[in-house]
Amino acid sequence: MDLRQLGEFGLIDRIQKRFPPPASTVLGIGDDAAAILPSKKQHLLLTTDTLIEGVHFDPAFSTFQEVGYKSVMVNVSDIAAMGGTPRYILISLGLTGRQRVEAIDQLYKGIERASRETGLDLIGGNIAFSTGPFFISPTVVGEIPKKEMVTRAGAGEGDHLYVTGTLGDAAAGLALLKKGIDTKLFGRLTRRYRAPQARWREGRLLAKARIPSAMIDLSDGLSSDLSHLMERSGLGAEIDAAEIPLSAPLQRAALQMGVDSIEYALNGGEDYELLFSVPERKLKKLELMIKNGLIKAYRIGKMAPRRTGLMLINPSGRRRALAPGGWDHLKKGEKG
Ligand SMILES: Nc1ncnc2c1ncn2[C@@H]1O[C@H](COP(=O)(O)OP(=O)(O)OP(=O)(O)O)[C@@H](O)[C@H]1O
Ligand SMILES: Cc1ncc(C[n+]2csc(CCOP(=O)(O)O)c2C)c(N)n1
Ligand SMILES: [Mg+2]
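Only a predicted model underlies this, so the values are computations on that prediction, with no experimental measurement involved. Residue numbers restart at each chain and count upward from 1, following the sequence in its written direction. Following the order in which they are written, the chains are lettered starting with A and the ligands numbered starting with 1. Confidence filtering applies because this is a predicted model: local features only for residues at pLDDT of at least 70, side-chain atom pairs given and counted only at 80 or more, and all residues used for totals across whole chains, interfaces and linings. The basis for the side-chain values is all heavy atoms of the structure; hydrogens and waters are excluded.

**Observations regarding the sheet that holds strand E9 (residues 214–217)**
Now for step 1: On the basis of which strands lie adjacent, the open sheet formed by 7 strands has the order E9-E11-E8-E12-E10-E13-E14 and mixed pairing. Looking at the sheet topology across the chains shown, the edges are occupied by E9 and strand E14 (319–321). Between one strand and the next, the sheet's axes are offset by a mean angle of 25°, whatever the strand orientation.
Now for step 2: Looking at chain direction, strand E10 (residues 236–240) and strand E12 (residues 298–304) are connected through 4 bridges and run antiparallel. Pairing of Ala-237 across the sheet is with Met-303, part of E12.
Now for step 3: A contact between two residues is defined here by any heavy atoms of the two lying within 4.5 Å. Only the stretch in contact is used when a helix axis is fitted, and all axes are lines through C-alpha atoms; the angle between N-to-C directions ranges over 0 to 180 degrees. Helix and strand assignments come from DSSP, with helices taken as H or I runs of at least 4 residues and strands as E runs of at least 2, each series counted from the N terminus. Each of strand E8 (160–163), E9, E10, strand E11 (274–278), E12 and strand E13 (310–313) touches helix H7 (residues 222–233); the most contacted strand, E9, lies at about 150° to it.
Now for step 4: Along the sheet, helix H10 (residues 283–291) contacts E8 and E11; its crossing angle with E8, the most-contacted strand, is approximately 25°. At least two bridges found by DSSP between two strands is the condition for calling them paired.

So, in structure tokens, the structure goes:
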């Protein structure tokens, strides 16, 4: 069906039917604003992150359902990075007239799935005609007990650095898709690009256990996101190249494309893993949680004095300064 048959308000009605107001909401879809009842003991966490056709996704690589799903997950990832619980979501859409009702239904199927998985209630949004590309821009509201909030700023010198999973998979998956390489053998990589899993359970668990001194999610690439954490904490860092967790499919794909796999892990982006620093006195507790299978986390280095900057230590022991080389919309966006 053509979206023009439905009209803006017909589409809102259709979305509203799919997302009846949840019990915890004072006011959901249908008024000038949504209303929620914040809890006294928690901070509200608010974040927004847009996906734009041609910049963040290509309809040749991702279905509308995947785009909807990913748009939710990248926002949940920012709530996870604070240690918070995802609660509410609003979805702003820029439609171009090329999308059909069926495609928007698929988009909302992905939004619904990711929302259900992460405990989000959809309580509003906006629809506008876009004379440029199609875009989807969720806003997510989360909550965190005041004493448990983890920022980018709390790392101490000598704190150990951990990541929650393998890095570079999504970037390698996208590179394979762009090169038109048969991706059947590389399902894990393309899946991580098309339908990332935000680490909200891990973020929450770590914050509740008061383990991280600082935390950030990896959206632009380790080299850039670690630089943000360093800057906000007023420190440098040393990364052991040999300790960065790389998946077997990533290593095979990199070999096939003639690229060093570590390049994807350092600068690729869209990992949506958590990077966090752990003070020495919390190390045993974390290692026990890892041993007992409560959480997956891999030690990749440590925080250093500010003058160190960002250093990569190669397996041979050679050290080289690492520049932030991840995604930067204003430096890289044009190249894609
Ligand atoms: N246009 C803007 N106006 C005001 N604040 C902004 C704007 N863009 C970003 N910020 C703020 O800057 C900070 C860093 O934003 P950024 O988008 O780099 O977050 P991120 O989580 O590192 O990135 P990503 O977009 O990859 O998730 C956040 O506090 C964000 O709210
Ligand atoms: C079709 C297509 N081409 C290129 C990319 C790569 N890319 C786009 S935005 C981004 C960083 C995270 O975004 P943000 O900082 O906005 O959260 C990356 C790595 C892609 N995902 N899809
Ligand atoms: Mg972030």
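**Observations concerning the UniProt feature "binding site: Mg(2+) 5" (unreviewed entry) in the chain**
Now for step 1: Those places that UniProt annotates as "binding site: Mg(2+) 5" (unreviewed entry) correspond, in this numbering, to Asp-220.
Now for step 2: Within the secondary structure layout, Asp-220 lies in the loop between E9 and H7.
Now for step 3: With residues up to four places along the chain from it excluded, the contact list for Asp-220 reads Asp-225, Asn-267, Gly-268, Gly-269, Glu-270, Gly-326 and Trp-327. UniProt positions are given in the numbering used here, feature names are shortened, and annotations may be inferred rather than shown by experiment.

**Details of the pairing of E11**
Now for step 1: The buried label goes to any residue with under 20% of its type's maximum accessible area, the exposed label to any with over 50%, and the partly exposed label to all in between, with areas taken from a 1.4 Å probe on protein chains only. Within E11, 5 of the 5 residues are buried, leaving the element largely enclosed by the surrounding structure.
Now for step 2: Side chains Leu-274, Phe-276 and Val-278 of E11 all project onto a buried face; the interleaved residues Leu-275 and Ser-277 project onto the opposite face, where all are buried too.
Now for step 3: Here 4 bridges tie E8 to E11, and the two strands are oriented antiparallel to one another. Across the sheet, residue His-160 finds its bridge partner in E11, namely Val-278.
Now for step 4: Where E9 meets E11, 4 bridges bridge the pair, whose relative direction is antiparallel. What sits directly across from Ile-216, in E11, is Leu-275.

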